[in-house]
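Structure assessment
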Amino acid sequence: MGQKKDLTGSEKSNIVRYLAEGCSSLKIAKLLKRDHRTIKRFIQNSQQGRKKRVDKPRRKITAHELRKVKRAAAKMPLATSLAIFQSCNITGVPKSTRCAILRDMAKVRKAERRPPLNKTHKLKRQDWAKKYLKTDFSKVLWTDEMRVSLDGPDGWARGWIGKGQRAPVRLRRQQGGGGVLVWAGIIKDELVGPFRVEDGVKLNSQSYCQFLEDTFFKQWYRKKSASFKKNMIFMQDNAPSHASKYSTAWLARKGIKEEKLMTWPPCSPDLNPIENLWSIIKCEIYKEGKRYTSLNSVWEAVVAAARNVDGEQIKTLTESMDGRLLSVLAKKGGYIGR
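Residues numbered from 1 in each chain as written. Predicted model: local features only at pLDDT ≥ 70, side-chain atom pairs only at ≥ 80, totals over all residues. Heavy atoms only, no water.

**A word on the overall build of the protein**
For clarity, the cut-off: Secondary structure follows DSSP: runs of H or I at least 4 residues long count as helices, runs of E at least 2 residues long count as strands, and numbering of each begins at the N terminus. Only protein chains enter the calculation, and the probe is 1.4 Å; a residue is then buried if its accessible area is under 20% of its type maximum, exposed if over 50%, and partly exposed in between. Here a residue-residue contact requires only that any non-hydrogen atoms of the pair lie within 4.5 Å.
Within the protein, the secondary structure is distributed over 15 helices and 4 strands. Within the protein, the fraction of its 338 residues that count as buried is 38%. Of all intrachain contacts in the protein linking residues separated by at least 6 positions in sequence, the fraction that spans at least 24 positions is 75%.

**Comments concerning the sheet that holds strand E2 (residues 179-187)**
Inclusion rule: For two strands to pair, DSSP has to find at least two bridges joining them. The angle between two axes is taken between their N-to-C directions and runs from 0 to 180 degrees, where each axis is a line fitted to C-alpha atoms and a helix contributes only its stretch in contact.
Here 4 strands make up an open sheet; going across it, the order is E3-E2-E1-E4 and the pairing mixed. The open sheet terminates on both sides in strands that have one partner only, identified here as strand E3 (190-196) and strand E4 (233-235). Adjacent strand axes in the sheet meet at a mean angle of 20° when their direction is disregarded. In the sheet, E2 pairs with E3 via 5 bridges, with the strands oriented antiparallel. Its bridge partner being in E3, Ile-187 is matched across the sheet by Glu-190. Contacts from helix H13 (residues 295-307) reach strand E1 (140-149), E2 and E3, with the element oriented near 175° to E3.

**Digging into unusual backbone geometry**
Following Gly-193, the chain continues to Pro-194 via a peptide bond in cis, the omega torsion being 5°. Relative to the helices and strands, Pro-194 resides in strand E3. In this structure, Glu-258 takes a positive phi of about 55° despite not being glycine. For Glu-258, the location among the structural elements is in the loop between helix H11 (245-253) and helix H12 (274-285).

**A short note on the packing of helix H7 (residues 119-131) against helix H15 (residues 321-330)**
Helix packing geometry: the angle between the two helix axes and the distance between the axes. We apply this condition: Any angle that is under 35 degrees is reported as roughly parallel, and any over 145 degrees as roughly antiparallel; angles of 65 to 115 degrees are reported as roughly perpendicular and all others as oblique. Left-handed is the label given to a crossing in which the near helix is rotated counterclockwise from the far helix by less than a right angle, and right-handed is the label when the rotation is clockwise.
Contact geometry for H7 and H15: axes closest at 9 Å, N-to-C directions at 135°. When the interaxial angle is binned, H7 and H15 end up oblique. Here H7 runs over H15; the crossing is left-handed. Contact residues: H7 offers Arg-125, Gln-126, Trp-128, Ala-129 and Lys-130, while H15 offers Met-321, Leu-325, Val-328 and Leu-329.

**A short note on the pairing of E1**
Here E1 lies mainly inside the structure; 9 of its 10 residues are buried. Pairing analysis gives 3 bridges linking E1 to E4, with the strands arranged parallel. In the sheet register, Trp-142 faces E4, and the bridge partner there is Met-235. Direction of pairing for E1 relative to E2: antiparallel, over a ladder of 8 bridges. Bridging from a neighbouring strand, Arg-147 pairs with Leu-181 of E2.

**Focus: the packing of aromatic side chains**
How two aromatic rings sit relative to each other is given by the distance of their centres and the angle of their planes. Selection criterion: Aromatic pairing here means that ring centres of Phe, Tyr or Trp (its six-membered ring) are within 6.5 Å. Orientation follows from the plane angle: under 30 degrees is stacked, over 60 is edge-to-face, and everything else is tilted. We count a charge as sitting over a ring when the NZ of a lysine or the CZ of an arginine lies within 6 Å of the ring centre and within 35 degrees of the ring normal.
Using the criterion set out here, one finds 15 aromatic pairs in the structure. When the ring of Phe-216 is compared with that of Phe-234, the centres are 5.7 Å apart and the planes differ by 50°; the resulting orientation is tilted. Of this pair, Phe-216 sits in helix H8 (residues 205-219) while Phe-234 sits in strand E4, and the two are 18 residues apart along the sequence. For Phe-234, a relative accessible area of 0% corresponds to the buried category. Judged by centre distance (5.5 Å) and plane angle (80°), the rings of Phe-217 and Trp-250 are edge-to-face. Of this pair, Phe-217 sits in helix H8 while Trp-250 sits in helix H11, and the two are 33 residues apart along the sequence. Residue classification places Trp-250 among the buried positions, given a relative accessible area of 12%. Here a set of aromatic residues connected by ring pairs shows up, and it is made of Trp-183, Phe-195, Phe-211, Phe-216, Phe-217, Trp-220, Tyr-221, Phe-228, Phe-234 and Trp-250. A cation over an aromatic ring shows up here: Lys-229 above the ring of Tyr-221, its NZ or CZ 5.2 Å from the ring centre. Its end group placed over the ring of Phe-217, Lys-254 keeps NZ or CZ at 5.2 Å from the ring centre.

**As for H11**
Filter applied, for reference: Note: the arc covers the axis-to-C-beta directions of the helix.
Among the residues making up H11, those that are buried are Ser-247, Trp-250 and Leu-251. Projected onto a plane normal to the axis of H11, the buried residues spread over an arc of 95° and lie on a single side. Every exposed residue of H11 that faces more than 90 degrees away from the buried side is listed here: Lys-245 and Arg-253. Residues of H11 that are buried sit in contact with H8, E4 and helix H10 (240-243). Backbone geometry just after H11 places Gly-255 at a positive phi near 95°.

In C-alpha cells form, the structure reads like this:
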C-alpha cells in the first residue's frame, strides 16, 4: 500500500461519509487503500477548523497625502485606485481603504463614447453652424434611426441590491436576441412616427427610399398643407443609405432638394436633437432592468414610450438648436455633448 501525495476530492468525501458511519481512521485507510498517516492528518486538519483572521493595524493617511490623492485623481481620469496611490508614492494601503478614501472625493464612471473629430471635421462643423445660425429651426424635421434589442444596451442592468438579497439572474442571448430598427422624426413640438423597419431588411439606398415612401410620405407628409411642405427643411445624417446619389435624386423628385435638404457635418450626432429623444425612449423601455421576449413586445414598448413623450419635451429639444450652434462655434467645432 503505497503512500500518495494528496487526497482527491472524492476520497475526502468518502472519509467524511465513513466517519459519519462510525468507522475508525485505520479502517478508512484500509477501505481507501491509503496510508493511515494521510487519513489521520486529514481528519486532524479538518477538526482544527479555519484559523481566525488577525486584523493588522491599517496605515493612516495624512491630510497632506489626501490632498495629493485628490490631485492625482483629477489628473488621472479612469485610473485604478492602485495607480492613483502609486503616483503619490503612498504604499502599504489595502484596496478597501483606497476605495473608501476615493469614494469621498470621486466617482466610478465609464469613459464617454463619442465620434472621433479631426481638424477637417471641426472646420465643417463650424461652417455648418455659421450657415444655419439664422435658420428658423421650428421648420426643420430632424430624423434618425435607432436600434432596440430585447435585452437593452450593455451596462444598463446595474443597480443597488439590498444586503442579504441576491442579484436577479440575467440570461445571455446571442447578439442580444436580435433587435428592431426604428425610424422617427421631430419638428417643432410634433413627433413623426415612430415607424418600424421590416425585420430582416438592410437599409441600402433603394430600401431606405422605399421605406420613406411607405411610411413618412404616405402616412404623414402627404397630409400636410402646401405652405408647410414649401417651408419644411428635411434633415438626415450622412449614413450611406441617406447621402447616396440615388437617395438624393429620389428626394429631389419628391421636392426635397437644395435648401429644403439640410447639409449635415460629419461625425455630429451631438448636433441632432432626436438623439436625446432616443435616450428618453430607451430609459423608459429598459427601466428597472426590463427585458423582452419577442421583437413585437419591444416594438410595442417603443410605441408606448413614444406616446408618453409630450409636445413640450419635443419643443425643448428642437428649441435647443440655437444653443448648440453657438456652442459649436465657441468650441471651434469641438464636441458639445448632448
